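Report on the structure
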Amino acid sequence: MSSTRHGDDTPVLITEAQPSYDDQQAERRRKYAIMMSMRIPCLIVGAACYQIWWLALIIVAISIPLPWMAVLIANDRPPRKSEQVNRYQQSARALESRDHRVIDDS
């Protein structure tokens, strides 16, 4: 067992692949559902606050761009994550340092 650091059992990253498209779409669908489910309560709270007209206007104004923002977020792929990953680093002693004779067959 050759590890770059002794006693470090952190998994080594072997690919820089992003999550699958199905996983990304499920996450975007969840965000869309959350944002769209906030619109109706905003409208209800805005209607319930009709006596304080400026508060009702602010709450209703917040609910107006929610569908537009939800669609933009649902159609946008997530940004690539810049994570600190544990990559395999080969030790200097792993390869031979001497020159090897090359046989040329010409």
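Small disclaimer: the values here were computed from a predicted structure and weren't measured.

1. Comments concerning the overall build of the protein chain
Counting its secondary structure elements, the protein chain contains 3 helices and 0 strands. Buried positions account for 13% of the 106 residues belonging to the protein chain. A separation threshold of at least 6 residues defines the contact pool for the protein chain, and within that pool the share at least 24 residues apart is 75%. On the protein chain, roughly 9,800 Å² of surface is accessible, and the fraction owed to carbon and sulfur atoms is 59%.

2. Observations concerning a nonpolar patch on the surface
On the surface, Ile52, Trp53, Trp54, Leu57, Ile58 and Ile62 cluster together into a nonpolar patch covering about 680 Å² of accessible area. Here Ile58 is to be found in helix 2 (residues 53-63).

3. Quick look at the packing of helix 1 (residues 21-48) against helix 3 (residues 66-75)
Between helix 1 and helix 3, whose axes approach to 9 Å, the crossing angle comes to 175°. Taken together, helix 1 and helix 3 sit at an angle that is classed as roughly antiparallel. Where helix 1 approaches helix 3, its residues Arg28, Lys31, Tyr32, Met35, Met36, Met38 and Arg39 are matched on the opposing element by Leu66, Pro67, Met69, Ala70, Val71, Ile73 and Ala74. Looking at side-chain class alone, the contact of helix 1 with helix 3 contains 11 nonpolar, no polar and 3 charged residues.

4. Some words on helix 1
A rise of 1.5 Å per residue sets the reference length of helix 1, with its 28 residues, at 40 Å; its end C-alpha atoms lie 41 Å apart and thus fit the reference within 8%. Structurally, helix 1 contributes buried residues whose contacts are with helix 2 and helix 3.

5. Details of the confidence of the model for the protein chain
Scored by pLDDT, the protein chain has a mean of 78; 65% of the residues are at 70 or more. Averaged pLDDT values for the elements of the protein chain fall to 89 in helix 3 and rise to 91 in helix 2.

Cut-offs used in this document
- Residues numbered from 1 in each chain as written.
- Predicted model: local features only at pLDDT ≥ 70, side-chain atom pairs only at ≥ 80, totals over all residues.
- Heavy atoms only, no water.
- Helix = DSSP H or I, 4+ residues; strand = E, 2+ residues; numbered from the N terminus.
- Buried < 20%, exposed > 50% of the residue type's maximum accessible area, 1.4 Å probe, protein only.
- Contact = heavy atoms within 4.5 Å.
- Areas by Shrake-Rupley, 256 points an atom, 1.4 Å probe, with all protein chains shown as cover.
- Patch = residues over 30% accessible without salt bridge, like charges linked within 9 Å, V, L, I, M, F, W, Y side chains within 5 Å.
- Salt bridge = Lys/Arg side-chain N within 4 Å of Asp/Glu carboxyl O.
- Axes fitted to C-alpha atoms, helices over the stretch in contact; angles between N-to-C directions.
- Parallel < 35°, antiparallel > 145°, perpendicular 65-115°, else oblique.
- Nonpolar A, V, L, I, M, F, W, Y, C, P; charged D, E, K, R; others polar.
- Expected span 1.5 Å × (residues − 1).
- pLDDT = per-residue confidence, 0-100.

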